[in-house]
Each structure stands twice: as structure tokens, then as C-alpha cells.
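Letter by letter, the chains look like this.
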Amino acid sequence: MTQSERTREGQRLTGVSRDQREERRDADGPPAGDNGTLGMKIQDLSAFYGSFKAVTDVSMDIRANKVTALIGPSGCGKSTFIRCLNRMHEVIPGARAEGTVSLGDQDIYAKNSDPVVIRRRVGMVFQKPNPFSKSIYENVAWGARINGFRGDVDEMVERSLRQAALWDEVKDRLKESGYGLSGGQQQRLCIARTLAVEPEVILMDEPASALDPVSTQKIEDTMAELKKHYTVVIVTHNMQQAARISDYTGFFYIVNMGDPGRLWEFDDTEKIFSNPERKETEDYVTGRFG
């Protein structure tokens, strides 16, 4: 496949033309390929479940105030990798990580790093919405309170719900249970709960995989707004979604069944979808496998 054919195929698959991406970038600021501020720096990261190595030797620079998408076939270590970025991986018995993950000047795996503090600085939104069995208001307020918030709770709850694009839908229902919301609303409530503790980085593990198209669009619109203030990393199996929302894309791959997952290619999203360096990346984003 020639470069022009790859470009057309990438645009066909994603529904995003070069002109559309340039328009989006003009609105967002400098292009994704710039040398902007680092949000996180990962060096030689490997993840284990007992003696099994699930992910090996991943090195990646995650830019601040950008959306980084992680794609690849099932079982290649994307979710394991993203959980290593806030030390959630190690809560699984026997699981551990090796390597360096820097958040600013801090190595989050250094002996003096507190995992609780790290998880407050690097929030996580999971695939399945998991609201607390509390009111909408308390879903947002509770986590902030137990993390020492001493400000105006009403203002914080409203701000977090607005950032999650949920305020207008629930402002008259704040005392109702979070379980009474739709799936898409519950997911945005979980995003608001994460925002309430004022993280620096937000990790999202397939946050829209179980949602309808309308709810998915709202989640994507929310991410576009969030990156103005936060660094966002998302795992997704939806190629169109990765192309629409991300500035950078990392492709994870397994060479042989049973091998650990590897970061096979990492680059500007437009390049990954239109002119990737590696054949496996091209085959995946054009739908030949996965």
C-alpha cells in the first residue's frame, strides 16, 4: 500500500480528514507533535502477575494537556500498562511493576512515594461505571472530603459536575441516588468524582465501551474539554474514537501468543493512522486484524 493509499484508508476508517484534524488543532493550540510540557515520562516499564511478564520495556513520553490513546488487540497489556501509571496494578495479589514512571520530578515507584498520594494525583475512570451507593452530590463530595478537602464543598461539587458535562442534567437531582442515572450519566459522574480531588492526570480504561452512541459522544466531548486542564490517557478498542479525540497514539502488540505485550509504535495520531512506520500498526488500524 502506497503512502497516499494509507492516508486515504486511515481517513476512511476514522472519518477524519487532514483538514478536519488541522481545524481541531488550530482550535486546541500547538500541534500534537510539538515538544510541549511532559505530563508523565515512562522508562523501561515492565509489569508482572507473579512470574508472568504481561508488559515489557515500555518507554513513552506523555505530554501534558494532550489526549494520548492506547490501542491494540485484546490481551496485549494496554489495561495493565495504564494501571501501572497510578500504582493500581499492584493492588492485585502478586502483581508488580519494574521501571520508572515519572510524574513531574517524582518517580511514582520510588521507595518514598506514597501510593495513596499518587492515586490522588493520577485519577482513574474504569470501563464500567462504578458510582458509590450515595447521592449524586455525595458521590462527588465524599472522595474529596476523605482526601482532606476543606473548601466550599457546594462550589467544588458544581465545578466538578460542570467539568464532566453533567451539571445541567442533575442540578435539580443532587439528593437522588447515583444509581438512578443512565449508564452514560453514571460514567460522567465517575469522571466528576475523579476531578473533585484535583488530579494532574486522568486515566480512562475504555470509558465508553459499554455506552450508546449519544453517551459516547458526550464522553468524547468531555475529554476534549478536560485536556485544557488535565493530561488524559485513554485505552480504547474504537479506532474512530482514538482518531477523533487523541493527539498521540500508542499501538501495543504481542508478537507470539504468551509473549508479553510491547509498545510497538508511538507517534502523533495522524501519522499512526495515515502513515505508520510498522506494517503491524497499519494492519491493525486498517482493520486487517484485531
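How each quantity is defined
- As a convention, each chain's residues are numbered from 1 in the sequence order in which they are written.
- Local features are withheld for residues below a pLDDT of 70 in this predicted model, meaning they are given only at 70 or higher, and side-chain atom pairs are given and counted only at 80 or more; totals for whole chains, interfaces and linings count all residues.
- Excluding hydrogens and water, the side-chain values take into account all heavy atoms of the structure.
- Secondary structure is summarised from DSSP: a helix means a run of H or I of at least four residues, a strand means a run of E of at least two, and numbering begins at the N terminus for each.
- The cut-offs for exposure are 20% and 50% of the maximum accessible area for each residue type, with area from a 1.4 Å probe on protein chains only; residues under the lower value are buried, those over the upper are exposed, and the others partly exposed.
- Contacts are assigned to residue pairs with any non-hydrogen atoms lying within 4.5 Å of each other.
- Here the accessible surface of atoms and residues is derived via Shrake-Rupley with a 1.4 Å probe, and residues count as covered only by protein chains that are part of the display.
- Here the rule is simple: two strands pair whenever DSSP picks up at least two bridges between them.
- Only the stretch in contact is used when fitting a helix axis, every axis being a line fitted to C-alpha atoms; angles between N-to-C directions are given from 0 to 180 degrees.
- Each helix should span, by expectation, one fewer than its residue count multiplied by 1.5 Å.
- Per-residue confidence from the predictor is given as pLDDT, running between 0 and 100.

Examining the overall build of the protein
Looking only at helices and strands, the protein features 12 helices and 10 strands. Buried positions account for 53% of the 290 residues belonging to the protein. Sequence-distant contacts in the protein: of pairs separated by 6 or more residues, those separated by 24 or more amount to 68%. Taken as a whole, the protein presents about 13200 Å² of accessible surface, with 47% of it coming from carbon and sulfur.

A closer look at the sheet that holds strand β6 (residues 122-125)
Here we have six strands laid out as an open sheet, ordered β6-β7-β8-β3-β9-β10, and mixed in their pairing. Edge positions in the sheet fall to β6 and β10 (262-268), since each has one partner strand and no second. Neighbour-to-neighbour, the strand axes of the sheet open up by a mean angle of 20 degrees, direction not taken into account. As paired strands, strand β3 (residues 67-71) and strand β9 (residues 248-253) are joined by four bridges and run parallel to one another. Along β9, the bridge assignment pairs I71 with F251. Packing of helix α8 (residues 183-196) onto the sheet brings it into contact with β6 and β7 (201-205), and relative to β6 it is tilted by some 170 degrees.

Here's the deal with α8
With 14 residues, α8 extends 20 Å between its outermost C-alpha atoms, agreeing within 8% with the 20 Å of an ideal straight helix rising 1.5 Å per residue. In terms of residue burial, α8 counts as a mostly covered element, since 13 of its 14 residues are buried. In the segment just after α8, E198 is the residue with positive phi, at about 55 degrees.

Focus: the confidence of the model for the protein
Averaged over every residue, the pLDDT of the protein is 88; the share at 70 or more is 87%. A low-confidence stretch, residues 16-35 (pLDDT under 50), is modelled with 35 contacts involving residues beyond four sequence positions or located in other chains.

Describing the pairing of strand β4 (residues 95-103)
Moving residue by residue along a regular strand, the side chains alternate between the two faces of the sheet. Of the pairings in the sheet, the one linking strand β1 (residues 38-49) to β4 comprises eight bridges and is antiparallel in character. Along β4, the bridge assignment pairs F48 with R96. Where β4 meets strand β5 (residues 106-107), two bridges bridge the pair, whose relative direction is antiparallel. Pairing of L103 across the sheet is with Q106, part of β5. Counting the residues in the hairpin turn of β4 and β5 gives two residues, including G104, whose phi is positive at 65 degrees.

A short note on the sheet that holds β4
With respect to topology, four strands assemble into an open sheet ordered β2-β1-β4-β5, the strand pairing being antiparallel. Sheet topology places β2 (52-63) and β5 at the edges, where each strand pairs with a single neighbour. Relative to β2, β1 runs antiparallel, the two sharing eight bridges. Looking across to β2, one finds that M40 is bridged to I62.

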